[in-house]
Structures are given as structure tokens and as C-alpha cells.
Amino acid sequence: MSSPPVAPAGWSRWLVPPAALSVHLSIGQAYAWSVFKPPLESALHLDGTQSALPFQLAIVMLGLSAAFGGTLVERNGPRWAMTVALVCFCTGFLISALGAWTRQYWLIVLGYGFVGGIGLGIGYISPVSTLIKWFPDRPGMATGIAIMGFGGGALIASPWSAQMLASFGGDNDGIALAFLVHGLSYAVFMTLGVLLVRVPRTGDGGGTASGPSGPSGLEGVQVSARGAVRTPQFWCLWIVLCMNVTAGIGILEKAAPMITDFFADSSAPVSASAAAGFVALLSAANMAGRIGWSSTSDLIGRKNIYRVYLGVGALMYLLIALFGDASKPLFVLCALVILSFYGGGFATVPAYLKDLFGTYQVGAIHGRLLTAWSTAGVLGPLIVNWIADRQKEAGKHGSSLYGLSFGIMIVLLVVGLVANELVRPVHARHHVPAPREAADAQRQQPA
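Going along each chain's sequence as written, the residues are numbered from 1 onward. Per-residue local features of the predicted model are confined to residues with pLDDT of at least 70, and side-chain atom pairs are confined, for both listing and counting, to 80 or more; whole-chain, interface and lining totals are unaffected and use all residues. Based on all heavy atoms of the structure, the side-chain values leave hydrogens and waters out of the count.

Trainee: Which parts of the structure should I look at to understand the overall build of the protein?
Mentor: Of the regular secondary structure elements, the protein holds 19 helices and zero strands. The C-alpha radius of gyration computed for the protein amounts to 21 Å, which stays within 12% of the reference 22 Å derived for 447 residues, consistent with globular compactness. Expressed as lengths along the three principal axes of its C-alpha atoms, the size of the protein is roughly 65 × 45 × 30 Å. Buried, partly exposed and exposed residues are distinguished by accessible area as a fraction of the type maximum, computed with a 1.4 Å probe on protein chains only: under 20%, between the cut-offs, and over 50%, respectively. Taking all 447 residues of the protein together, 59% fall into the buried category. Restricting the contact set of the protein to residue pairs at least 6 apart, pairs at least 24 apart contribute 84%. All accessibility values rest on the Shrake-Rupley procedure with a 1.4 Å probe; residue burial counts only the protein chains present in the view. For the protein, the accessible surface area stands at approximately 16000 Å², while carbon and sulfur atoms represent 68% of it. We score Asp and Glu as negative and Lys and Arg as positive, and we do not count His or the chain ends. To locate a charge, take NZ of a lysine, CZ of an arginine, CG of an aspartate or CD of a glutamate. Separation of charge centres in the protein, based on 26 positive and 19 negative side chains, amounts to 9 Å. Every helix listed is a DSSP run of H or I at least four residues long, and every strand listed is a run of E at least two residues long, numbered separately from the N terminus. Within these notes, the globule rule equals 2.2 Å times the number of residues to the 0.38 power, and the radius of gyration is based on C-alpha atoms. Only heavy atoms enter the contact rule, under which two residues are in contact if any of them lie within 4.5 Å.

Here is the structure:
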């Protein structure tokens, strides 16, 4: 663990994305949290805002740990980062199991939200810099392959969690056992990534570690993490990511109860199993968007793809607000598109950062940018849950619980669209001199 493992001669770069996927598919369980909300609310007598707290804190800690741990990840390498992620994420589930079993909700918040959230942040950024260095010729595709695992985690976890709760029971003992199984199972799966990951030798541009087959990852503009946060480009991207994430996470965190509420008064209400299936569909869209839209960004450019995410996303929210309760297919389709943009935004932003700031400290810059996710992790669920709770207290029900919050999401997406238009190339005064950059890269290689 003292130095990152360097790929031997003949090592294929295509072995690195599966290593990243094993971690991201595991920590992507966070997107299945809405499956646990109804049983927790019933067993521990919580309201919607309270049951969202572990998820919100986990996203806050994701951003904070990514921001403060980004430099450590760059320095110590992906294997160290994946190990830290494994320990924190799985320990968080074990603490949560104890909390559910003893009916101490604060332990669930501490375990899943605080401890597990640290694992989310370190695990999320652990492969990003390494993947960009292995695939400098296709950074959008490379990060999309790995980060799609985070979006796709709920595709596995949602039906799996629902089945466990059905088998073990939705009381506190059943919830505790489900948390325990999650923690132990993910520990085994994440270990595969820890053992498999490698970094390229200095000068390798992809293909195999024995020789480059693409452009050097250290060519072009290079900006340090400290320098990046002093640029307007960084903060414009911060706003772009925050607005896009807030809009997506507002649906995702409350997906199961939301679709149930929307069609509660219709002739064909949505069952609990169908709602869990809807969560799984959203996860599939989230996952597909991460690889599909990020790969598209390699062809049409990062700014153009974010115009699609934010502009078309606002239109999808408008359609749901106006006509969503009249048509299940329309509601589901618009939600799937929004979630594909949500996932695509995450997968595209590392490549956007690489285009603007280079690969010199892109992992650390990415970690700092993810504080936008922390902010959005509070804003999105808070807007949707708080407004829905207040509307319910006022005697409203069904789709009317969400009309105001959806209007707010449209405004936020427009704000993000404006911020994206303000992004320009980084001024030369922020660039790192090439000799310093090369010396730093050499020092990161083991003797």
C-alpha cells in the first residue's frame, strides 16, 4: 500500500475498468436507498424528511471526503483508495445493522451516512485519475465505463434489497439483517477491484503498459488543484454539476414513494413491487446515461452535451409537472431521460475537467468539484421531501405534492445552463510549467 501498483509489461488497459466497476457497482447501492425508506418510516416512526437523512448525509460526506481526500488519492494511488473505500463503506452497513436492531436511528445515520459516506467519496474518485491516464485518447468513454457502475449499482441493489426485506420482514430485525448481508457481500465484491487495479508507467498512453498506443496523458494545458479552484471555470462547472445533480437526485431519492403518490388516485395504483421496479429502471437509465452520453461527449464536446443535459432536462421536468399524472408512460419516460442526464453529467465532468485543466492533478480537482454533489445531496431531497411533507399537512395529495418542487428544479436547471455558457479556456497564468509537472509525475512512480 506504500506505493501504487504499476502495471507489468503486457498489461492491458482494459483490465482497469472492471476493477473500477467492482467498486462503483458496490457503492452505487446508495441510489437504492428509497427502497429502505418505507420500512424505516414504519418500523421507527419517521417522516419522509427524517428517513432521507442517512442518504443526505452520505452524499454530503461523499463530496467532503472526495474534496479533502482527492490529494491523498493522487499521492497514494487507486489501490489505497479502494481499500479505504471498502473498509468505510462496509463498516457503515454493519453500524447501520446494529442501529436497526437496537432501534437507535442515530446509529443508522452515523453508519450509513457518515462512515459509509466517506467510503462513497473515496471510492468514487479512486479510479478516475488512473482511468484518464490509461485512456487519454477517450477520456469520456473511459470514465463513463467506470462511473456507470455507480449509477447501475441500484439496478442490482434495488430488487435485491426489496427481496431481502420481503424475506426477512420489514420490521427493525429484518432491516438489520438486510444491512448486515449488504455489508458482508460488498466487502467481498470490492476486494476484487483492490486486487486487480494497476497504474500505467510514466509515458504510457494506453494499450499495454509495455508501450504507448495513444497520446501522452501529460500533453497540453496542465493546472494544479490549488490553481484550478482559483479559476472562474472551476466555479462555473461547480454550479453546472450542482444544478444537474439537484434535479436528478430530487427524483431518485424519493422515486418509490413518488410514483406511488402520483398515481394513488388512478384506476391502476402503483404497488410496492412495481415502485421498486421503477427504482431499478431509473438505475438502468442512470447507468446507460453514464456510458452513452459521456461517450457522445467525446464526439460533440463537453459544453454541447451539458447543453443537452440542462436544457432538455428542464423540458422533461415541465412535461412531468403538466401531464405526468395523466400518463404513466410519459411520467416514466421523462424520469428516465432526467436520470440518464443525471448519470451522464457525472461521467462527463471528469473529461470536462481534463479538457480545461489537464491530467496533472485531475483526480484532486475532481474531488474538490464533488463538493457540488454534497450541496446537491442536501438540496434535492430537502426540496422534494420538505415541500411534499408541507403539502401533505395542508391536505393535498397525489401529484399536487410535487408541483412546486418540480418548478424549482426547472429554475435550477436554467441557472446551470447559463453557467455552462460562461465556461471558457483557462488563462495561461494558471498553467503549471512543464518541467515541474514532469518532475512531479516522476516522483509518483515507485523506485
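Trainee: Got a minute to help me understand the pattern of salt bridges in this structure?
Mentor: Pairing is possible between side chains that carry opposite charge, provided their charged atoms lie close to one another. Salt bridges, as used here, are contacts in which a Lys or Arg side-chain nitrogen is within 4 Å of a carboxyl oxygen on Asp or Glu. Throughout the structure, instances matching the rule amount to seven salt bridges. For Asp137, the salt bridge goes to Arg13, with nearest N and O atoms at 3.1 Å. Of this pair, Asp137 sits in the loop between helix 7 (128-134) and helix 8 (139-168) while Arg13 sits in the segment before helix 1 (16-27), and the two are 124 residues apart along the sequence. A relative accessible area of 6% means that Arg13 is categorised as buried.

Trainee: Sorry, what's going on with unusual backbone geometry here?
Mentor: Trans peptide bonds make up most of the peptide bonds, and negative phi angles are found at most residues other than glycine. One non-glycine residue, His45, lies in the positive phi region at around 60 degrees. Its location among the elements puts His45 in the loop between helix 2 (37-44) and helix 3 (48-51). Overall, the relative accessible area of 70% leaves His45 in the exposed class. One non-glycine residue, Arg103, lies in positive phi territory at about 60 degrees.

Trainee: How do you make sense of the packing of helix 11 (residues 232-252) against helix 17 (residues 371-393) when you look at a structure like this?
Mentor: When two helices pack together, their arrangement is given by the angle between the helix axes and by the axis-to-axis distance. Between helix 11 and helix 17, the least distance of the axes is 8 Å, while the angle of their chain directions is 35 degrees. The crossing of helix 11 and helix 17 is right-handed. Residues Trp238, Leu241, Cys242, Val245, Thr246, Ile249 and Gly250 of helix 11 lie in contact with helix 17, whose contacting residues are Thr371, Ala372, Trp373, Thr375, Ala376, Gly377, Leu379, Gly380, Pro381, Ile383 and Val384. For this scheme, ten residues count as nonpolar: Ala, Val, Leu, Ile, Met, Phe, Trp, Tyr, Cys and Pro. Four count as charged, namely Asp, Glu, Lys and Arg, and the remainder, Gly too, count as polar. Split by residue class, the contact of helix 11 with helix 17 holds twelve nonpolar, six polar and no charged. For every element, the axis is a line fit to its C-alpha atoms; helices are fit only across the contacting stretch, and the angle between N-to-C directions ranges from 0 to 180 degrees. Definitions for this section: a left-handed crossing has its near helix turned counterclockwise from the far helix by less than a right angle. A right-handed crossing has that turn clockwise.

Trainee: Please explain helix 15 (residues 328-357) as it appears in this structure.
Mentor: Because each turn of an α-helix spans 3.6 residues, side chains separated by three or four positions in sequence point in the same direction. End to end, helix 15 covers 43 Å across 30 residues, agreeing with the expected 44 Å (1.5 Å per residue, within 8%). A maximum bend of about 35 degrees is found in helix 15 at Thr348, where proline Pro350 lies one to four positions downstream. Burial analysis of helix 15 places 21 of its 30 residues in the buried class, which makes it a mostly covered element. Definition of a polar contact: a pair of N or O atoms within 3.5 Å, with one able to donate and the other able to accept a hydrogen when the atoms are protein atoms, and with sequence-neighbouring residues admitted only if both atoms are side-chain atoms. If you check the start of helix 15, you find a side-chain oxygen 3.2 Å away from the backbone N of Leu330, and it comes from Ser327. A positive backbone phi angle near 80 degrees is found at Gly358, which sits one or two residues after helix 15. Multiplying one less than the number of residues by 1.5 Å gives the expected span of a helix. The seven residues ending at a residue and the seven starting there each receive a fitted axis; the angle between those axes is the bend at that residue.

Trainee: Can you walk me through the packing of aromatic side chains in this structure?
Mentor: The description of an aromatic ring pair rests on the distance of the ring centres and on the angle between the ring planes. Stacked, tilted and edge-to-face are the three classes assigned to paired rings of Phe, Tyr and Trp, where Trp is represented by its six-membered ring and a pair needs centres within 6.5 Å; plane angles under 30 degrees give stacked, over 60 edge-to-face, the rest tilted. For the structure shown, the criterion picks out 32 aromatic pairs. Residues Trp235 and Trp238 carry aromatic rings whose centres are separated by 6.3 Å and whose planes lie at 50 degrees to one another, so their mutual orientation is tilted. One end of the pair is Trp235 and the other is Trp238, both in helix 11 and three residues apart, which spans about a single turn. On the basis of relative accessibility, which here comes to 44%, the residue Trp235 falls in the partly exposed class. Seen in terms of ring centroids, Phe262 and Phe263 are 6.2 Å apart; in terms of plane orientation they differ by 50 degrees. Their pairing is tilted. Residues Phe262 and Phe263 agree in their burial class; the two are buried. In textbook terms, an aromatic cluster arises when at least three aromatic residues are bridged by ring pairs, as seen for Trp33, Phe36, Phe89, Phe93, Tyr112, Trp160, Phe179 and Tyr186. Above the ring of Trp11, the side-chain terminus of Arg198 is found at 4.8 Å from the ring centroid. Sitting over a ring, as applied to charges here, requires NZ of Lys or CZ of Arg to be within 6 Å of the ring centre and within 35 degrees of the ring normal. A cation sits over an aromatic face here: Lys328 above Phe263, 5.7 Å from the ring centre.

Trainee: It is not clear to me how helix 5 (residues 78-102) should be interpreted in this structure. Could you clarify?
Mentor: In a regular helix each residue adds 1.5 Å, so 25 residues correspond to 36 Å; helix 5 covers 36 Å between its end C-alpha atoms and thus fits that length. Count one or two residues on from helix 5 and you reach Arg103, which has phi positive near 60 degrees.

Trainee: Got a minute to help me understand the environment of Ala30 in this structure?
Mentor: Residue placement: Ala30 occurs in the loop between helix 1 and helix 2. Residue classification places Ala30 among the buried residues on the basis of a relative accessible area of 1%. Along the backbone, Ala30 and Ala272 are 242 residues apart, and their C-alpha atoms lie at a distance of 19 Å. Once residues within four sequence positions are removed from consideration, Ala30 is found in contact with Phe55, Tyr112 and Leu120.

Trainee: Teacher, can you tell me more about a nonpolar patch on the surface here?
Mentor: Each patch is assembled from residues with relative accessible area greater than 30% and no salt bridge, linking like charges that lie within 9 Å and nonpolar side chains (Val, Leu, Ile, Met, Phe, Trp, Tyr) that lie within 5 Å. Together, Leu94, Phe168, Leu177, Leu180 and Leu184 make up a nonpolar patch on the protein surface, roughly 400 Å² of accessible area in all. A per-element tally of the nonpolar patch places helix 9 (residues 172-196) first, with three residues. Locating Leu180 in the fold gives a position in helix 9. Of the residues examined, Leu180 reaches a relative accessible area of 34% and is grouped as partly exposed.

Trainee: Got a minute to help me understand the packing of helix 5 against helix 9 in this structure?
Mentor: Axis separation between helix 5 and helix 9 bottoms out at 7 Å; the angle between their running directions is 170 degrees. Considered as vectors, helix 5 and helix 9 are oriented roughly antiparallel to each other. A class-by-class count of the residues in the contact of helix 5 with helix 9 yields 20 nonpolar, seven polar and two charged. Note that the term roughly parallel is reserved for angles under 35 degrees, roughly antiparallel for angles over 145, roughly perpendicular for angles of 65 to 115, and oblique for everything else.

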